[in-house]
Structures are given as C-alpha cells and as structure tokens.
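These are the residues of each chain, in order.
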Amino acid sequence: LSRVGMAGVPDLLSKARFFVEEWSHSQLKQLENTTHVHTRITNADEERVKELEAREKRALEESAKRTTELETEKRFLYEAQHDIMAMRETREAVEGVQQPLQTEEASLRTHLAQLSKDLEMGVGGFKETERDLRYHIDMYAERLGMGVKRLTDHRLCFEFTKIDPSNPTRIFSFVLFLNEEGEYCVENMDPYTTAMDALQHTLYHTNDLTGFLVAMRRAFKTLCTEEM
C-alpha cells in the first residue's frame, strides 16, 4: 500500500473483485457442466437399468415357459417309458405262456389226429373216444386255471383260479362282450382292479385278446400281492 499509495487502493480492489468474479464464474460454469454431465449419466444409467430390468423380465418369462415345456416333455417321456415297460412285461408274460400253450396245443393236435385215425379204423367206441377227448380238454383248462362261461350270445364270463397263494380256489372273474361297434368291453370285474381301464384301453387299440387275458391274470396277481 505504501508503494501504490492510498489513491491506488480502489483500482486494486476493483481488479481483485474482477478476478474473484471471473474465478467464481468459471467455477460456476464448471459446476454447471459437471451437473449437466452427471444428469446425462444418471439418465443414461436409469435407461440402462430399465433395459436390464426388461431383459431380466423377458429372461424370467422365457425360463418359466421353457421349464413348463420341459416338465411337459418329462411327463410325456415318463408315460412313454411306462407304456414301454408295460408292453415288455406283457410280451414277456405272453412269451412265458406261449411256449407251454404251443406244447400243449401240439400234444392235443397229435392226440386228436390219433383219435381221428382210430375212428377211421374203427378202433375203440365212440363214447370212449369222447371221454378221452374231454379229459384232455379239462386237463388243458386245469393247467391254465381259467374257465369260460357263455352268458349270452355276446357275453363271456372268464374265471381265473390258482392266483391267490393263500386260497388257490378263489375265483377272479370278469365279463367280456362286444358292443354295437364291435369293440371289446369289460364289466362285472370281481375283485375290481384299477388296472382294468388301462388294460381295456390297450385291448381296444390292439385287439389282442390273448395278451389281454394274460395281462388280466397278472393284474389279479398284483392285486393279491397288494392285499397281503
């Protein structure tokens, strides 16, 4: 102050105020720019967050949809595997019964041929031949443990025995008939087994009566096991 004197003080203060105002203006401008940039970044972040949330929502929806499809495919696969196992069991059961039946059938054919030959040659009486033939037929039914009774023109009652180990004479039966469309139907099952609907469905599609009888006997056998 001594150098400039008191006269230069106002000018010095004016310059100082100018520099302060310039500095304040530059700081304010910088702050405004910083605020503007921050606002843009914040808006961009919000848009990015919204986009990510939308993508996440779509991903979750696709995941839920795919999970449902996989569960459906898994259920179809399980049902297909169950059907395949059932078909294999039926085939094995049929194969297990088929060989003895074929052997028995061959024996009966041979015996019938011999009886026919004996009749042609006049050997033995007719009553003796009829009694011998009935014996073999009864023996065949006895080995199968199955009997058939005709109830009406279109209804047959099938009876199975030798199924329940604790009561071999116990009778398991059902009535089989053809409806007006020529389709097999089952009624009056005793005792009732829940496998009947599936077995009747298979019979409807395959028309395999022999396989159906084998499967019914196996279903009755399973029922006995469950009762124990």
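Residues numbered from 1 in each chain as written. Predicted model: local features only at pLDDT ≥ 70, side-chain atom pairs only at ≥ 80, totals over all residues. Heavy atoms only, no water.

1. Here we look at the sheet that holds strand β1 (residues 146-152)
In plain terms, the rule: Any two strands are treated as partners once DSSP identifies two or more bridges connecting them. Numbering of helices and strands runs from the N terminus, with a helix taken as a DSSP run of H or I at least four residues long and a strand as a DSSP run of E at least two residues long. Here the axes come from fitting lines to C-alpha atoms, over the contacting stretch only for helices, and the angles between their N-to-C directions go from 0 to 180 degrees. When checking whether two residues touch, look at their non-hydrogen atoms; a contact exists if any pair is within 4.5 Å.
Read from one edge of the open sheet, four strands run β1-β2-β3-β4, paired in antiparallel fashion. Looking at which strands have only one partner, the edges of the open sheet turn out to be β1 and β4 (184-190). Strand after strand, the sheet turns through a mean of 25° between neighbouring axes, direction not considered. The sheet strands contacting helix α3 (residues 196-206) are β3 (172-178) and β4, and the helix crosses β4 at an angle near 155°.

2. Structural notes on the packing of α3 against helix α4 (residues 209-227)
We apply this condition: Every angle not falling under 35 degrees, over 145, or within 65 to 115 is termed oblique; those three ranges are roughly parallel, roughly antiparallel and roughly perpendicular. Each residue is assigned to one class: nonpolar for Ala, Val, Leu, Ile, Met, Phe, Trp, Tyr, Cys and Pro, charged for Asp, Glu, Lys and Arg, and polar for all the others, Gly among them.
Between α3 and α4, whose axes approach to 10 Å, the crossing angle comes to 170°. Between α3 and α4, the angle is such that the two are roughly antiparallel. Across the interface between the two elements, L199, Q200 and L203 from α3 touch L209, F212, A215, M216 and A219 from α4. Its residues assigned to classes, the contact of α3 with α4 shows seven nonpolar, one polar and no charged.

3. Observations regarding α3
To be explicit about the condition: Buried, partly exposed and exposed residues are distinguished by accessible area as a fraction of the type maximum, computed with a 1.4 Å probe on protein chains only: under 20%, between the cut-offs, and over 50%, respectively. The directions considered for the arc run from the helix axis to the C-beta atoms.
Residues of α3 that are buried: M196, L199, Q200 and L203. Seen end-on, α3 carries its buried residues on one side only, within an arc spanning 100°. In this fold, the buried residues of α3 make contact with β3, β4 and α4.

4. Here we look at unusual backbone geometry
Leave glycine aside and you will find that most residues have negative phi; peptide bonds, for their part, are mostly trans. Here D190 and P191 are connected by a cis peptide whose omega angle stands at 0°. Tracing the chain through its elements places P191 in the loop between β4 and α3. Of note in the backbone geometry, K162 takes a positive phi value of approximately 60° without being a glycine. With respect to the secondary-structure elements, K162 resides in the loop between β2 (155-160) and β3. In this structure, N207 takes a positive phi of about 60° despite not being glycine. Mapped onto the elements of the fold, N207 is located in the loop between α3 and α4.

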